[in-house]
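In case you want the letters, here they are:
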Amino acid sequence: MRSLPDGSRLEIVEQESGNRTILIPRAKFESGIAPPAPAPLQGETHWFIPYTAVHPLTVAGAPKDAIWLDVSSSPVAYYGALLDIWSRGEMVAMLEHDVVCRPDIIEEFEACPEPWCCYGYSDICCQDETGHSPCMEAWRNLLGCTRFRREVIEAVPDAMTSIPEIGWDWKNVCDGLGANLRAAGFTHHWHFPAAEHHHLTDGLHGPQQLTEEALRV
Ligand SMILES: [Zn+2]
Ligand SMILES: [Zn+2]
């Protein structure tokens, strides 16, 4: 086993043909912080945080009992994570790694009787001061801060397994799931105010546009 100079694990897998695959799981190393270990379940909602980077703002707002899921190994690892979550049949909430949860969000997800609930993002366009936007339906399948009651999962048990392979990429998986739930007669219920969406950009992470100068030793 080799490693990069920053300690990141570097795995070279030799294929049967003799060609090689380079694997660098990156989630644990991006900010130098590991996700917190989950506290015992606090309510009915099983919180999950799929991540490729651990962001301090997301950690700070995250439910203490959330389970962090390292999905950095593959673009379809997020799909794999949801497939597993869906098969467990528990009331679940998803928080994505660039979204900030709040205590009122945790409370509302526990209490709201609607089967499928979600918070919009703070950066959805055209929002009024309450967070409502005429454009927000374009985000109706988001999984950034979304809760499903057991009745949805029980009613559409194949909502994940029936997504065709073309929809497995992390960028598409929310729309595959959303389409299957809508086809079964479910619809999303918006909650307000919107959740902060920091896109992993605060100088710590995110689009790293390195100049040649920065790369010179
Ligand atoms: Zn609701
Ligand atoms: Zn707009």
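See the structure printed just above.
As a starting point, this report considers the structure included with it. Sequence positions are assigned chain by chain, starting from 1 and proceeding in written order. Here every chain gets a letter starting at A, and every ligand a number starting at 1, in the order they are written. Owing to the predicted nature of the model, reporting of local features is limited to residues with pLDDT of at least 70; listing and counting of side-chain atom pairs is limited to 80 or more, with chain, interface and lining totals taken over all residues.

A word on the environment of H188
Here's step 1: Residue position: H188 is located in the loop between helix 5 (173-183) and strand 10 (189-197).
Here's step 2: Residue burial is a threshold on neighbouring C-beta atoms within 10 Å of the residue's own C-beta, all placed from the backbone, with 20 or more meaning buried, 12 or fewer meaning exposed, and counts in between meaning partly exposed. Of the residues examined, H188 has 19 C-beta atoms within 10 Å and is grouped as partly exposed.
Here's step 3: Considered as a pair, H188 and P115 are 73 residues apart in the sequence and their alpha carbons are 8.0 Å apart.
Here's step 4: Residue pairs are scored as contacts if the distance between their C-beta atoms, which are placed from the backbone, is within 7 Å. Residues contacting H188, with those up to four places away along its chain left out, are W116, C118 and R140. Under the DSSP-based scheme used, a helix requires at least four consecutive residues in state H or I and a strand at least two consecutive residues in state E, with every element numbered from the N terminus.

Observations concerning helix 3 (residues 103-111)
Here's step 1: Those residues of helix 3 that fall on the buried side of the exposure criterion are I105, I106 and F109. Around the axis of helix 3, the buried residues are gathered within 100° of arc, so they sit on the same side. Seen from the buried face of helix 3, the exposed residues on the opposite side, beyond 90 degrees, are P103, D104, E107 and A111.
Here's step 2: On the buried face of helix 3, the contacting elements are strand 6 (92-95), strand 8 (116-121), strand 9 (145-148) and strand 10. Comment: arc refers to directions from the helix axis out to C-beta atoms.

Some words on the sheet that holds strand 9
Here's step 1: Strand order across the open sheet formed by seven strands is 5-4-6-9-8-10-7, with mixed pairing between neighbours. Only two strands of the sheet have a single neighbouring strand rather than two, namely strand 5 (67-70) and strand 7 (99-100).
Here's step 2: Pairing between two strands is assigned when DSSP locates at least 2 bridges connecting them. Pairing geometry for strand 4 (residues 46-51) and strand 5, over four bridges, is parallel. Bridge pairing in strand 5 links F48 to I67.

As for the sheet that holds strand 1 (residues 2-3)
Here's step 1: Strand order in this open sheet of three strands is 1-2-3, and the pairing throughout is antiparallel. Two strands bound the open sheet, and with one partner strand each, they are strand 1 and strand 3 (20-23).
Here's step 2: Bridging between strand 1 and strand 2 (residues 9-14) involves two bridges; their strand directions are antiparallel. Each bridged residue has a counterpart across the sheet, and for R2 the counterpart in strand 2 is L10.

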